[in-house]
Amino acid sequence: MEGEAAYGFIVNVDAQGSGLLSDTEKPEMRRRLYEVTGTAFEQAGIRPPRLYQEDRGDGILGVLAPDVPPVRVLGEWVEHLHQNLRESNRHVRKPLRLRVGLHIGRVTADAHGRSGRAVDLACRLADCGVAKAILKAAEGAPLVVAASDRVHEDFVLPGGRWVDPEHYRRHDVALKEGRTTAWFMVPGRSRPPEPEPLREEPEPLEEQVRDQGRDTADEAAPEKSPRPRASAETRGGRLVQIHQHGDGDVYAPERIETINIDRRGGGR
């Protein structure tokens, strides 16, 4: 029902390198994207209304009904998607390569689509730097899967048809909301390749907020005036006391016992 949150299994698909395509190339990429993913859902026996899909330009957001076993997505759908991509890329100049983010959680439906923190996390995992780097390092591979820690613990570790926990590798990833743990798998490989170190990871949102607060506090703090400096010297048997407020040098002739100078130029 619209406006009420319900649990669902979230599948977010993104196309690698879509930003490098020209306007004339993007429609063909999108056609192939929908073809390989849609056929994989059909092959896995997952169809509307148990499957909701939302267009994301260079990707697709999918939310599955609670009665769809997540292991079917992790096993059958991922394997069919992998084989469909291999076939689709067989005779093309620019192969279609996809990143898939998987999570489970509360999803809210409204007239415009689906939302929720669980949806955000699935999208972040598919778009994170580690997923991009792994797929880049996996030469010739058309697909990388990024599963949340919860999905890995609840559905990957128990195993199932075409689901092997040994094929996943753990990585800590930096997202806008903070650091989290995710598990990555490249179909057709016993383990995903080790990605090259990321040049620059996004600073977690809470750290940005803390830093901004510190900067604001520093700007708001008034400039501290230097503390008065006092010195005492013995000249000609007399103790001469010198009090200085502000910057500059003070010269005290011997006949002056005590001198006080402030920024206003007054003194005695």
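Residues numbered from 1 in each chain as written. Predicted model: local features only at pLDDT ≥ 70, side-chain atom pairs only at ≥ 80, totals over all residues. Heavy atoms only, no water.

Colleague: Can you help me understand the packing of aromatic side chains in this one?
Modeller: Working definition: an aromatic ring pair is given by the centre-to-centre distance plus the angle between the planes. Scanning all chains against the criterion turns up two aromatic pairs. Consider the rings of Phe9 and Phe155, whose centres lie 6.4 Å apart with planes at 80 degrees: the pair is edge-to-face. Within this pair, whereas Phe9 is found in strand 1 (residues 5-15), its partner Phe155 is found in helix 5 (residues 149-156), the two being separated by 146 residues in sequence. For Phe9, a relative accessible area of 2% gives the class buried. Residue Phe155 is classed as partly exposed on the basis of its relative accessible area of 21%. (Phe/Tyr/Trp six-rings, centres within 6.5 Å; stacked < 30°, edge-to-face > 60°. Helix = DSSP H or I, 4+ residues; strand = E, 2+ residues; numbered from the N terminus. Buried < 20%, exposed > 50% of the residue type's maximum accessible area, 1.4 Å probe, protein only.)

Colleague: I tried to follow the side chain of His80 on my own but got confused; where do I start?
Modeller: Checked against the element boundaries, His80 lands in helix 2 (residues 70-88). When its relative accessible area of 19% is taken as the criterion, His80 is described as buried. Contacts of His80, omitting those with residues within four sequence positions, involve Ala40, Gln43, Ala44 and Trp162. (Contact = heavy atoms within 4.5 Å.)

Colleague: Looking at this structure, I do not really get the nonpolar core. What am I missing?
Modeller: Taken as a class, soluble globular proteins show a tendency for nonpolar side chains to be buried jointly. One finds Val11, Leu64, Trp77, Leu81, Leu98 and Val100 to be the most contacted residues of the largest nonpolar core, which totals 36 residues. Going through the elements one at a time, strand 1, helix 1 (26-43), strand 3 (59-64), helix 2, strand 4 (98-110), strand 6 (143-148), helix 5 and strand 8 (178-185) are the ones with two or more residues in this core. Among the elements that make up this core, the one with the highest residue count is helix 2 (six residues). Among all residues touching Trp77, those that are not within four sequence positions of it are Val11, Val13, Thr37, Ala40, Phe41, Ala44, Arg72 and Val100. (Core = buried A, V, L, I, M, F, W, Y, C linked by side-chain atoms within 4.5 Å.)

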